[in-house]
Amino acid sequence: MMALFDWVNPDPSLAVDGGSVVLRPPRASDYKAWADLRDSSREFLQPWEPAWPADDLSRAAFKRRLAVYAHEIEIGGAYPFFAFRAEDAALVGGVTLSNIRRGVAETATLGYWIGRPFIRRGYGTAAVKAMCGFGFDRLKLHRIEAACLSSNVASRAVLANCGFEHEGQARAYLKINGEWRDHLLFGLIRDEASG
């Protein structure tokens, strides 16, 4: 019961100030802004993402998504955040640390997206830097990994701007838009991350 209460009134310490963006876990009240931004950005985002289910933008699917997010945060397996423009709280995208592995690894996988109206304005870089700071400082991770398609020049630039090093390539790494695709692999080590 406490976990449900915490999700209805999220822990304010999970809000992350990223300068031009603020990160926080999604809430039910974010549905319309999220659905509108994803819908208007569909053609832009789909080439870089897993195939969207037919009901992906429905309120019911969003509720299911929130339940999964709440569970992942509760068990410490993932931290999915929405990114809001600091000046007016407009939703600009999302950033997630997932697949958190503890013990000898202390590692997580980074994923992010920015809606089409907000690209090339530095919000992606600000969100990734803020999330990495959260991962290293709050979660005490040692390493954060990321992957992107070689053709995704903008995503590669975000990772480079945030200090990630290109470490290699993985064949048929993720199923993107219905097809298994090779990805470039990147890593950022806590001691090498800039503030």
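Note: the structure precedes this text.
So, how was this worked out
Along every chain, residues carry numbers that run from 1 in the direction the sequence is written. Predicted model: local features are reported for residues with pLDDT of at least 70 only, side-chain atom pairs are reported and counted for 80 or more only, and whole-chain, interface and lining totals are derived from all residues. As a rule here, side-chain values cover all heavy atoms of the structure and leave hydrogens and water aside. Labels follow the DSSP assignment, with helices taken as runs of H or I lasting at least four residues and strands as runs of E lasting at least two, numbered in each case from the N terminus. Helix span, as expected, comes to 1.5 Å for every residue beyond the first. Relative accessibility decides the category of a residue: with a 1.4 Å probe and only protein chains considered, values under 20% of the type maximum give buried, values over 50% give exposed, and everything between is partly exposed. A pair of strands is considered paired only if DSSP assigns at least 2 bridges between the two.

Caption draft 1: Highlighting helix H4 (residues 59–75). The first and last C-alpha atoms of H4 sit 25 Å apart over 17 residues, in line with the 24 Å expected at 1.5 Å per residue. Those residues of H4 that fall on the buried side of the exposure criterion are Ala 61, Phe 62, Leu 66, Tyr 69, Ala 70 and Ile 73. Positive backbone phi, at 75°, marks Gly 76, one or two positions downstream of H4.

Caption draft 2: Representation of the pairing of strand E8 (residues 179–189) within the structure. Bridge count for strand E6 (residues 143–148) against E8 is 6 bridges, and the pairing is antiparallel. Bridged to Ala 147 within E8 is Leu 185. Sheet analysis places strand E7 (residues 165–176) next to E8, joined by 8 bridges and oriented antiparallel. Within the sheet, the bridge partner assigned to Leu 174 lies in E8 and is Arg 181. With antiparallel pairing between neighbouring strands as the criterion, E7 and E8 make up a hairpin whose turn holds 2 residues, including Asn 177 at a positive phi of roughly 50°.

Caption draft 3: Quick peek at the pairing of strand E4 (residues 91–101). The sheet contact formed by strand E3 (residues 79–85) and E4 spans 6 bridges and is antiparallel. Bridging from a neighbouring strand, Ala 83 pairs with Gly 93 of E4. Note that E4 and strand E5 (residues 107–114) share 7 bridges and pair antiparallel. Looking at the pairing, Ser 98 lines up with Thr 109 of E5. The hairpin formed by E4 and E5 contains 5 residues between the paired strands, and Gly 103 there has a positive phi angle of roughly 75°.

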